[in-house]
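Descriptive analysis of the structure
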Amino acid sequence: MKDAIEKILKEEERAGKILRDAKEEADRIVRDAKKEKENIIDKAAMEADDFSHKEKQESEKRFMSEKENVLKEVRKETLAIRERKNKGISEISKKVFSQIITIKD
């Protein structure tokens, strides 16, 4: 009977050790999973930050390009208007001068 009880106690001790080992392994797996989760989150945050930075740069580049195109068009229109005004003033001044010359004292 004593042998049976000792065998049962040893078996309980062995089962307890297996249980402790399994718990330690489970705890390690959970710790590793948490670390991996944090790494994934950090990586995703960095990638999102990089992506938004690149998008911002590309948007600014597109905006500046469009701005330059608009400015070129405005300059062309302004020069054309100025030339028409100068030409119109020149023709008007010729007419005025011509009429002044034809005025008799």
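For the structure itself, consult the block above.
Throughout what follows, the structure given in this document is the object of discussion. Please read all numbers here as calculations on a predicted model, not as lab measurements. (Residues numbered from 1 in each chain as written. Predicted model: local features only at pLDDT ≥ 70, side-chain atom pairs only at ≥ 80, totals over all residues. Heavy atoms only, no water.)

Thoughts on the overall build of the chain
Convention followed: Strands here are runs of E lasting at least two residues and helices are runs of H or I lasting at least four, both read from the DSSP assignment and numbered beginning at the N terminus. Within these notes, the globule rule equals 2.2 Å times the number of residues to the 0.38 power, and the radius of gyration is based on C-alpha atoms. In this scheme, a residue with accessible area under 20% of its type's maximum is buried, one over 50% is exposed, and one in between is partly exposed, where area comes from a 1.4 Å probe on protein chains only. In this description, accessible areas are obtained by the Shrake-Rupley approach with a 1.4 Å probe, and a residue is regarded as covered only by the protein chains that are shown.
What the chain contains, in helices and strands, is 1 helix and 0 strands. Expected size for 105 residues packed as a compact globule is a radius of gyration near 13 Å; at 45 Å, the chain overshoots this value by more than 25%. Along the three orthogonal principal directions, the C-alpha set of the chain runs to about 155 × 15 × 10 Å. For the chain, the proportion of its 105 residues judged to be buried stands at 1%. Summed over its atoms, the accessible surface of the chain is roughly 10,500 Å², and 59% of this surface lies on carbon and sulfur atoms.

Things to note about the environment of arginine 31
Mapped onto the elements of the fold, arginine 31 is located in helix 1 (residues 2–102). Along the sequence, arginine 31 and aspartate 21 sit 10 residues apart, while their C-alpha atoms lie 15 Å from each other.

Worth remembering: the numbers are spatial, not functional.
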